[in-house]
Amino acid sequence: MQIQIDKKKWLKNAGVLLAELILIIAGLVLVGTVGTRGFDNLKVYTTIFPQYQDMDEVLAGANDLIPSEDGNGYVTGEDTYFVIPVDSDKLIDLEMSRIEGEGILGEIWQSENETFAEKPSPYTFELGHNPVQVKKTTKYIRVKISSQPGVHYNLSRVSYRNPFSVFARINKSSIITTAFALWGLCILLQVMQLVFKNCKTGRNFLHIVLYIGFVGITIAYVFHDFIWGEKLFLYTDIGSDTMQQYYPYYMNCVRRISEGSFSIWNWDYGLGTSLINNISQTLDPFGLFVILGGVVFGIGKVKRLLVVAQILKIILSALLCRYFLKLFHVSERAACIGGYLYAFNGYLMLWGQHYLLGTICIYLLLILIFLEKLIQEFKVRYVMGLGISVAASIIYSYYNTYMALLFVGIYCVLRLLNPNLNWPLKERIKRAFTILGGIICGVLAGAVSLLPAASYLTSSSSRLDSDMSALTKFFHGLFSVYSIEQNSEIAGRMISNNLYYINDINASSGWGNYYEMPNICITIFIYFFLGQLLVQSIKKCKSYKNALYGILITFVGILLVFNPGMAIAFNGFAYAQARYTFVLMPVAALLVAVEWDRLTRKKEFSFIGLGLGLISSLYIVIKAYNKASLEVRSYDAEIIILQICFAFLLLVMFFWKNKQGRKIVESLLIVCVLLSTCTETYMTTSQRGTAYTTTEEIGYDGHTMTNDTIDALQYLKEQDKGFFRVDKGYAVVSTYGDSLVMGYSSVTDYNSTINRHLADFYNMLYTRAKVTDAQRIVVYSEESEVCPMSLINLKYILSMGELDYSWCEYVGRIGGVYIYRNKYADSAVSFYTNTISKSECESMDEIGRRLLLKDTLIVPDGEDVLHDTETGEVTLGSFVADGKYFTGTISNEKEGFLLLTIPDQDGWEVYVDGKKTETINGDYGFLAVKLAAGNHEVKAVYHIPYMKQGAVVSILGVLLLTGYCLWLYHRDRKRKQG
């Protein structure tokens, strides 16, 4: 049997595919060139053909030009350089036909004359093309190949080049590899449509396989330096919280579990803190993955497990979001595109760098999936799933779950108000109460974490302290607006996290923090989809009910994005903070999926919508480009080109009526989405300052760590069996987190939810310049500061050099670490027979307040006051801290107060001679008990407040959820039988 081949059709398809490849290559070169050069020097793009410089003139302007002995080029001398007259605002290419090694580090000056007064820019010269962007005012450049004499090189040609050709020449391997990969993707998408044309199941299966492949390719591209290279998923730039707080805490958990010393009270975190202070970080399932992984595989693996946890979050987010979007009956391809964008959304990529905060993106989807299923069809298992999801989320983080549930309430109300449901009012109310019952049961089931955390937040943490009531703050925010600059930057954040700046906050006149800016980016093409949604919704609106519903949704959406009152409400009515914007990501993914189907499947296209999307996108990005920092400016230019390409492809798809042609264009649109997501995510994640494996100063051997500081600390623990505190004048792993990593109690720490009493102690008795809302650090600058240091038994100071302080005495040296002892510190407790009220203390200056600590206890107003300046004979036994216990002995001749430098926090109970004794606040931050004269045994014990009550409520919540579901099941069964 002879197979008939339609040569004309075959050649036509081959030609289309070849044109597709050419378009992909051209697009990569265009985007890459603009991303490299930006739009600051537009004249550079006017060079069409190469313009060569006269090499005799270039060589004549050289200094210390030494020919190579082999006749192939030159050798650098003591001061070899070239002075080359140039045309301003162009791209000059210095071609090297010979170079020593892989590259030579040299310098380039640019100047209006031959004086070259400005500082040079470093430049690595490589074999082949070396493009240099000539500034607008530059007339001469001075090229120094190397400062090292005897280096072989050959500057063979100097020319002005078309920047596109230069980019293509330099990056030809990467361009070809990427182009063929994307081309193969387009071919695969088209073949899939043909092979599974009449098999929806097979087509959907292949879609899922491709989907997972896309996610995997993007992960490999974005995280390859973290997975296979020396980069660590720890940031040293604006995201340094990872190095200063989160990573040290994970290391601390792994070390204490491995040592068998893990407890509900952590003496290594500053002056001491409760497990509840870090409960979300501890119970985050991905945090547990890191901690338990470190316990099993060794503490040195923690730093590598951090990026694995982030990758797992991305994969789970992709799978869950695709499932969520399929509930709205969008096509498989649209669901995959929406899910892909959600997996790499701006919130997860940015706040995921703070580890625990990114996890809420997964819990929110779980809650929304069961909620949406319950709205679409009542089944008892959906109620159970909703309750379990809420409980699990609360146990992980009460704060993030609060924000998620607040949004879930808004979402549920809006869904049940949808006029297209065609339900009677009674059914809507009934479904709402069914959902509410499941959520309430879930909240109760999570009480084991919620009650202790709420107790800590309200009684110990200073986070919610405010002079205004919650409602006053909310209504004040609700009827106010952000500044024009802030709103402008929010509009930009809908396109990209990186439009304005990353580290250089001078480029922002609105929001002053890269992380705390609203994170609402899901794709750089979001305004194109919003434009289509707006116009098509208006066109299809056939009733006043739908019109009112659309207006309501628009109003709520604007409030959620642009209103300070919403930011206050979502932040527990404390103050305006934009960490809640993860709630917008599922809706944004749904918007993209629905509009993608409308454009590609239903062929509903609006020129007005396209115009609105393109104009608004370009206006926002160009405005951002004009004020952006240098670190992101060229990326803004890249976004502009991608948006223009996307708009062009949408137009082509509309005018190209051929079905096969439309599929090809859709493939190219997917390529645009893939490219933009990869570049955006790479910019957010990898184009940053990070830690490296090569910079670590700790050696690892299974579950143990070694270095001079750890050896010095071990020496002190062997020599001094009592409880003492230590601080350092240098950093090993983390400026603020070394105590967590290496296991010692110190002043230096990073705790954004610090105990309010400790905050008072630092602010009243310590130099305020060294204390912020989240950070404390020991830097000795004034003699009276020794008083609070001695009070808390800051007994040892470690240094990398010799110290010359009057209060320090040299103990010894271990390796490069010098050990000094504070001569005035001898115990973590103090005995007083003289007291002063806080109001009297606060009338004194800071130095006077510190000097009080030598012999006077500061007590709250209204407490018993003692005025005996002679303490009599006092013998302090050795006090020891062991997890949740703090024990020791004292012999005192007179009645007085014993101050224990344990942070004054709910949950501590002090027993004197076996009897529970009432405690008072002492010296602002600590616990004090009144002692009668005599010999005493003192024991302080910590328990987590409301933990037992929370466990009881959780058990009741689980029983209630089970009973509620059984009741619903029987009610539904009875209704069906009836």
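Computed from a predicted model, the values in this text were never measured in an experiment.

S.K.: Kindly report on the overall build of the protein chain, identifying the contributing residues and their values.
M.R.: The helix and strand tally for the protein chain stands at 32 helices and 35 strands. By the compact-globule yardstick of 30 Å for 978 residues, the protein chain fits well, its C-alpha radius of gyration being 33 Å. For the protein chain, the spread of C-alpha atoms along the three principal axes comes to 110 × 100 × 60 Å. Relative to its 978 residues, the protein chain shows a buried fraction of 56%. Restricting to contacts in the protein chain with at least 6 residues of sequence separation, those with at least 24 account for 75%. As displayed, the protein chain has an accessible area near 42200 Å², and 60% of this comes from carbon and sulfur atoms. Counting 87 positive and 88 negative side-chain charges, the protein chain places the averaged centre of each group 18 Å from the other.

S.K.: Before we move on, can you summarise empty space enclosed by the protein with the specific residues and values?
M.R.: Across all of its chains, the model carries six cavities of 30 Å³ or more by this definition. Computed from the structure, the largest cavity encloses a volume of approximately 160 Å³. In terms of lining residues, the largest cavity is bounded by 13 residues, among which Phe214, Arg333, Cys336, Ile337 and Ile670 are the most central. Mapped by element, the contributors of at least two residues to the lining of the largest cavity are α4 (172-195), α5 (200-227), α10 (332-343) and α25 (659-685). Its residues assigned to classes, the lining of the largest cavity comprises eleven nonpolar, one polar and one charged. Taken as a whole, the second largest cavity encloses approximately 70 Å³ of empty space.

S.K.: Residue-level account of the state of the cysteines, with values.
M.R.: For the coordinates displayed, the defined rule picks out zero disulfides. Take Cys361: it sits in no disulfide, and the sulfur closest to it among the cysteines is that of Cys321, at 10 Å. A relative accessible area of 0% places Cys361 in the buried class. Free cysteine: Cys412, not disulfide-bonded; nearest cysteine sulfur from Cys441 at 15 Å.

S.K.: I'd like to hear about the packing of aromatic side chains, residue by residue, with values.
M.R.: For the structure on display, the rule yields 50 aromatic pairs. Ring pairs connect the aromatic residues Phe223, Phe226, Phe233, Tyr235, Tyr246, Tyr250 and Tyr355, which therefore count as one cluster. In this structure, Lys90 packs its charged tip against the face of Tyr160, placed 5.9 Å from the ring centre. Across from the ring centre of Phe378, 6.0 Å away, lies the NZ or CZ of Arg971, which sits over that ring.

S.K.: Describe the sheet that holds strand β24 (residues 829-832), and please don't skip the residues or the numbers.
M.R.: With antiparallel pairing, the four strands of this open sheet are ordered in space as β24-β30-β34-β33. Edge positions in the open sheet fall to β24 and β33 (919-922), since each of these has one partner strand only. Adjacent strand axes in the sheet meet at a mean angle of 35°, parallel and antiparallel pairs treated alike. Both β24 and strand β30 (residues 896-903) contribute to a ladder of four bridges, which runs antiparallel. By the bridge assignment, Phe831 is partnered in β30 with Leu898.

S.K.: Describe the side chain of Gln244, listing the residues and the values that go with them.
M.R.: Assignment of secondary structure puts Gln244 in helix α6 (residues 241-259). Looking at Gln244, its side chain comes within polar contact range of the side chain of Ser734, at 2.8 Å. For Gln244, the side chain forms a polar contact with the main-chain nitrogen of Tyr736, separated by 2.9 Å. In contact with Gln244, not counting residues within four places along its chain, are Ser734, Thr735, Tyr736, Gly737 and Tyr750.

S.K.: Summarise helix α23 (residues 607-627); cite the residues concerned and give the values.
M.R.: Helix length check: α23, at 21 residues, gives a terminal C-alpha distance of 31 Å against a target of 30 Å (1.5 Å per residue), a fit within 8%. Next to the buried residues of α23 lie α18 (484-493), α19 (526-540) and α24 (630-655). For α23, the N-terminal capping position is held by Ser606, with its side-chain oxygen 3.3 Å away from the main-chain nitrogen of Ile608.

Conventions used here
- Residues numbered from 1 in each chain as written.
- Predicted model: local features only at pLDDT ≥ 70, side-chain atom pairs only at ≥ 80, totals over all residues.
- Heavy atoms only, no water.
- Helix = DSSP H or I, 4+ residues; strand = E, 2+ residues; numbered from the N terminus.
- Rg over C-alpha atoms; globule rule 2.2 N^0.38 Å.
- Buried < 20%, exposed > 50% of the residue type's maximum accessible area, 1.4 Å probe, protein only.
- Contact = heavy atoms within 4.5 Å.
- Areas by Shrake-Rupley, 256 points an atom, 1.4 Å probe, with all protein chains shown as cover.
- Lys, Arg positive; Asp, Glu negative; His and termini not counted.
- Charge placed at Lys NZ, Arg CZ, Asp CG, Glu CD.
- 1 Å grid on protein atoms, 1.4 Å probe; cavity = no way out; pocket = protein on both sides within 12 Å on 5 of 7 lines; lining within 4 Å.
- Points joined across faces, edges and corners; volume = space filled by probe spheres on them.
- Nonpolar A, V, L, I, M, F, W, Y, C, P; charged D, E, K, R; others polar.
- Disulfide = S-S within 2.5 Å.
- Phe/Tyr/Trp six-rings, centres within 6.5 Å; stacked < 30°, edge-to-face > 60°.
- Lys NZ or Arg CZ within 6 Å of the ring centre and 35° of its normal.
- Pairing = 2+ DSSP bridges.
- Axes fitted to C-alpha atoms, helices over the stretch in contact; angles between N-to-C directions.
- Polar contact = N/O pair within 3.5 Å; in protein donor to acceptor, adjacent residues only side chain to side chain.
- Expected span 1.5 Å × (residues − 1).

Take it as geometry only, folks, not as evidence of what the structure does.
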